[in-house]
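Now for the letters of each chain:
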Amino acid sequence: MLTSHSSTMKTNAALSLIVLIFNLTNYLSDAKVVVFFPVPGTSHIRYHTNIARALADLGHETWVCIPESLAKTRQIDTSGIRVLRYGQSLGDIEEKIKKTTRIHEAFFANETYGMSAILLNVLSIFNELAMRILAEGLTEKVKDLKPDLFVLDGLPFVKVIYTIPYKLDIPYAVIGSAHDTLSYRIPFSPAATPFQIIDVNDNMDFPSRLKNAVAYFVMLMRPKLMDPDPVSVFAPEKPHKTLEDIMANAEIFIVEMDPILDYPRPSLPNTKLIGGTAIKEARELKDPFKTFIEHSNRGVILVTFGSTLSNIPDYIFHKINTGCKATGMNIVWRSDEPSPDPARILTQGWVPQNDILGNKNTKLFISHCGKNGQYEALYHGVPILCLPIFGDQPYNAERVRTKGYGLKADMRFISVEDLSDMVRELVTNRTYKDNIARASKLFRLLYQSPKKEAAFWLDHVIEFGGAYMRSASQKMPYYQFLMLDVFAFLSAVISLILVLSCALMYHLYKCIFCKSERRKIKSE
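What counts, and at which threshold
Residues numbered from 1 in each chain as written. Predicted model: local features only at pLDDT ≥ 70, side-chain atom pairs only at ≥ 80, totals over all residues. Heavy atoms only, no water. Helix = DSSP H or I, 4+ residues; strand = E, 2+ residues; numbered from the N terminus. Buried < 20%, exposed > 50% of the residue type's maximum accessible area, 1.4 Å probe, protein only. Contact = heavy atoms within 4.5 Å. Areas by Shrake-Rupley, 256 points an atom, 1.4 Å probe, with all protein chains shown as cover. Salt bridge = Lys/Arg side-chain N within 4 Å of Asp/Glu carboxyl O. Pairing = 2+ DSSP bridges. Expected span 1.5 Å × (residues − 1). Axes fitted to C-alpha atoms, helices over the stretch in contact; angles between N-to-C directions. pLDDT = per-residue confidence, 0-100. Parallel < 35°, antiparallel > 145°, perpendicular 65-115°, else oblique. Core = buried A, V, L, I, M, F, W, Y, C linked by side-chain atoms within 4.5 Å. Phe/Tyr/Trp six-rings, centres within 6.5 Å; stacked < 30°, edge-to-face > 60°. Lys NZ or Arg CZ within 6 Å of the ring centre and 35° of its normal. Polar contact = N/O pair within 3.5 Å; in protein donor to acceptor, adjacent residues only side chain to side chain.

Student: Would you take a moment to explain the overall build of the protein for this structure?
Tutor: Within the protein, the regular secondary structure consists of 21 helices and 13 strands. For the protein, the proportion of its 524 residues judged to be buried stands at 50%. Relative to all contacts within the protein whose residues are 6 or more apart in sequence, the contacts with residues 24 or more apart total 67%. In the form shown here, the protein has an accessible surface area of approximately 25,700 Å², with 59% of it arising from carbon and sulfur atoms.

Okay, here's the thing in structure tokens:
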């Protein structure tokens, strides 16, 4: 009897092992190789690695392309993913970009009217950099991995890299913070859809609509004036396509945006607005932050200006310090400079931004308004004083002001007194705290895990493809999407009608004039 029972148990165990092996085999056979290429900057690589990790949790093999200069610093968490290094001969890419573009130097030197030129210079530099990356052999490295999906950054800075999946015939997806209606071929109106690098909102007066329309027109013309032609250089065997046409054929567009922090926007079935992937629950702080913040009885103000700007001019530091001092609160400041008052101001070259924002003692966030930081502040319900510098930051600052989550100012020109008043207003007026706390509750309800949602949609198009979601507007040439052929035809018809009308009127006039002349001659 015991022998029979033992035999049954062994049989059941063997069957369970066979089922386990069978399921594991199926699981492994469903696993796909996915390669991510973010803009070669720390903040962009971080949110791509967040999504890559979430996709790896679904069983896929995920690789993130990271330049050698950033990969070896270990500033980026690469746990759970694989790293495809590139740019060994390019040196410190992020530092070179910062020095070449002079973004911060131009801003603090008050070169206000030169910032647009600097933006064009940034695009030119990134185009040149991307061409060098392709020339160095990144395409061959990607080919060796035999990926099932290639995921690219949605910013225009790296559109040249779209040559890789086009050349290798790999399905590709787009992830980024830009809701690029022109590139994604989304029908829209410039009167109601703000452009993401100018400080307008969705309730525009005539000057704002004019400014917005001009910005869209410039962006529409930019590819014709600035984009290189990598297809003819690196994929001459393929039918020639522009980078814009290649981008429009992506399987899916995933945008780190939502109508809670941003504005309601037109969309298509293959455009998914997922919120910010940087959000997460706050972890327990470690010293020196823990002790400093816990002993800040009147609260803490967090001041950071992003990963690329650790130090600001002394006069700006003095303004912000004086403005915060009036509240009696302590300051945690991301800066490489030593603290002028260690009892009140904690300066560190790196700060756990999300964990500090999630601490109950943090009352205000003073920020340059990067997208990741804004989403962390929204998630934890902390009002923001926006001091933007460049790129999408003025736009981000304006949406915070419009939504009532904070205030904005130009740190170069605002007086110490006005800055003090703004800080005091944000920490004493409950309206801002209530507005962003309500938005935080709504965001947590609707966007529980943006990185998991992004991973879900990537996994979805790996299995089913994105053709069924693709609009006809994404399959046609640019001139058809913009109806240039229709406008040209109508213009020709109208011009022909005008010419014929003028000819007819001239003929009638001539006939009437001639008859009048003949009558006059007869009467004489």
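Having put the structure on the table, let's press on.
Student: Would you mind going over the pattern of salt bridges with me for this structure?
Tutor: Two side chains bearing opposite charge may form a pair once their charged atoms approach each other closely. Counted under the stated rule, the structure contains 23 salt bridges. Linking E256 and K371 is a salt bridge whose minimum nitrogen-to-oxygen distance equals 2.6 Å. Separated by 115 residues along the polypeptide, E256 in the loop between strand 6 (253–255) and strand 7 (271–273) and K371 in helix 15 (residues 371–380) bring together distant segments of the chain. For the pair formed by E256 and K371, the shared burial category is buried. Ionic contacts of the salt-bridge type, sharing partners, join the residues D199, K211, E398, R401 and K408 into one network.

Student: What exactly am I supposed to notice about the pairing of strand 8 (residues 300–304) here?
Tutor: Counting buried residues along strand 8, five of its five residues qualify, which places the element largely inside the surrounding structure. Burial along strand 8 is two-sided: V300, L302 and T304 facing one way and I301 and V303 facing the other are all buried. Sheet topology note: the strand 8/strand 9 (residues 330–334) ladder contains four bridges and is parallel. Its bridge partner lying in strand 9, V300 is registered against N330. Here five bridges tie strand 8 to strand 11 (residues 362–367), and the two strands are oriented parallel to one another. Residue pairing across strands places T304 opposite S367, the latter belonging to strand 11.

Student: What am I meant to see in helix 19 (residues 450–464) here?
Tutor: The periodicity of an α-helix, 3.6 residues per turn, causes residues three or four places apart in sequence to face the same way. Between its terminal C-alpha atoms helix 19 stretches 21 Å, which fits the 21 Å expected from 15 residues at 1.5 Å a residue. Turning to helix 19, its buried residues are P450, A454, A455, W457, L458, H460, V461 and I462. G465 sits one or two residues past helix 19 and shows a positive phi near 75°.

Student: Whenever I open this one, the sheet that holds strand 8 confuses me. Can you help?
Tutor: Strand pairing in a sheet relies on backbone hydrogen bonds. The paired strands run either parallel or antiparallel. Read across the open sheet, the six strands follow the order 10-9-8-11-12-13; overall the sheet is parallel. If you trace the sheet from one side to the other, it starts and ends with strand 10 (345–348) and strand 13 (406–408), each paired once. Each strand of the sheet is rotated relative to its neighbour by a mean of 15°, with strand direction disregarded. Direction of pairing for strand 12 (residues 384–386) relative to strand 13: parallel, over a ladder of three bridges. Residue pairing in the sheet places I384 in a bridge with G406 of strand 13.

Student: Just to check I follow, could you spell out the sheet that holds strand 6 for this structure?
Tutor: Judged by pairing direction, the sheet is parallel, and its seven strands sit side by side in the order 3-2-1-4-5-6-7 without closing on themselves. Every other strand in the sheet has two partners, leaving strand 3 (82–86) and strand 7 as the edge strands with one partner each. For this sheet the average axis-to-axis angle between neighbouring strands, irrespective of direction, equals 20°. Note that strand 5 (residues 172–176) and strand 6 share three bridges and pair parallel. In the sheet register, I175 faces strand 6, and the bridge partner there is I254. Those strands touched by helix 7 (residues 138–145) are strand 1 (33–37), strand 2 (61–67), strand 3 and strand 4 (149–153), and its axis lies near 155° from that of strand 3. Strand contacts of helix 19: strand 1, strand 4, strand 5, strand 6 and strand 7, with the helix running at about 140° to strand 4, the strand carrying the most contacts.

Student: What am I meant to see in the confidence of the model for the protein here?
Tutor: Close inspection of predicted coordinates is inappropriate for parts of the model with low pLDDT. Summarising the model, the protein shows a mean pLDDT of 86, and 89% of its residues fall at 70 or more. Within the model, pLDDT remains below 50 along residues 21–29, and this stretch shows three contacts once partners closer than five positions in the same chain are excluded.

Student: I'm lost on the packing of helix 15 against helix 18 (residues 430–446) in this one. Help?
Tutor: Between two packed helices, what matters for the description is the angle formed by their axes and the separation of those axes. Between helix 15 and helix 18, the shortest axis-to-axis distance is 6 Å and the interhelical angle comes to 95°. The angle between helix 15 and helix 18 places the two elements in the roughly perpendicular class. Of the residues in helix 18, those in contact with Y375, A377, L378, Y379 and H380 of helix 15 are K433, I436, A439, S440, F443 and R444.

Student: Honestly, the nonpolar core in this entry has me stumped. Any pointers?
Tutor: Buried together is how nonpolar side chains tend to be arranged in soluble globular proteins. Ranked by size, the top nonpolar core spans 78 residues in total, and within it F150, I161, I320 and L385 carry the most contacts. Listed in part, the 30 residues of the second largest apolar core include I279, I356, Y375 and V382.

Student: Please clarify how helix 15 should be interpreted in this entry.
Tutor: Along helix 15, ten of the ten residues are buried, which leaves the element largely enclosed by surrounding structure. Among all positions of helix 15, only K371, N372, G373, Q374, Y375, E376, A377, L378, Y379 and H380 are buried. Considering only its buried residues, helix 15 is in contact with helix 2 (42–56), helix 14 (353–357), strand 11, strand 12, helix 16 (393–403) and helix 18. Trailing helix 15 by a residue or two, G381 shows a phi angle of about 70°, which is positive.

Student: Explain the pairing of strand 9 here, please?
Tutor: On any regular strand, side chains alternate: one points to one face of the sheet, the next to the other face. Along strand 9, five of the five residues are buried, which leaves the element largely enclosed by surrounding structure. Burial along strand 9 is two-sided: the face carrying N330, V332 and R334 and the face carrying I331 and W333 are both buried. The pairing of strand 9 with strand 10 spans four bridges and is classified as parallel. Counterpart to I331 in the pairing with strand 10 is I345.

Student: Honestly, the packing of aromatic side chains in this entry has me stumped. Any pointers?
Tutor: Given two aromatic rings, their pairing is described by the distance between the two centres and the angle made by the two planes. Going through the model one piece at a time under the given rule, you end up with twelve aromatic pairs. Aromatic rings pair up to connect F188, F195 and Y216 into one cluster. Against the face of Y166 rests K238, its NZ or CZ located 5.1 Å from the ring centre. Here the basic side chain of K371 rests over the ring of Y47, its NZ or CZ set 3.9 Å away from the ring centre.

Student: What is the right way to look at the side chain of N201 in this model?
Tutor: Relative to the assigned elements, N201 resides in the loop between strand 5 and helix 9 (206–226). A polar contact of 2.9 Å, which involves the side chain of N201, links it to the backbone nitrogen of N203. Beyond its immediate sequence surroundings of up to four residues, N201 is in contact with P194, Y263, E398, R401 and T402.

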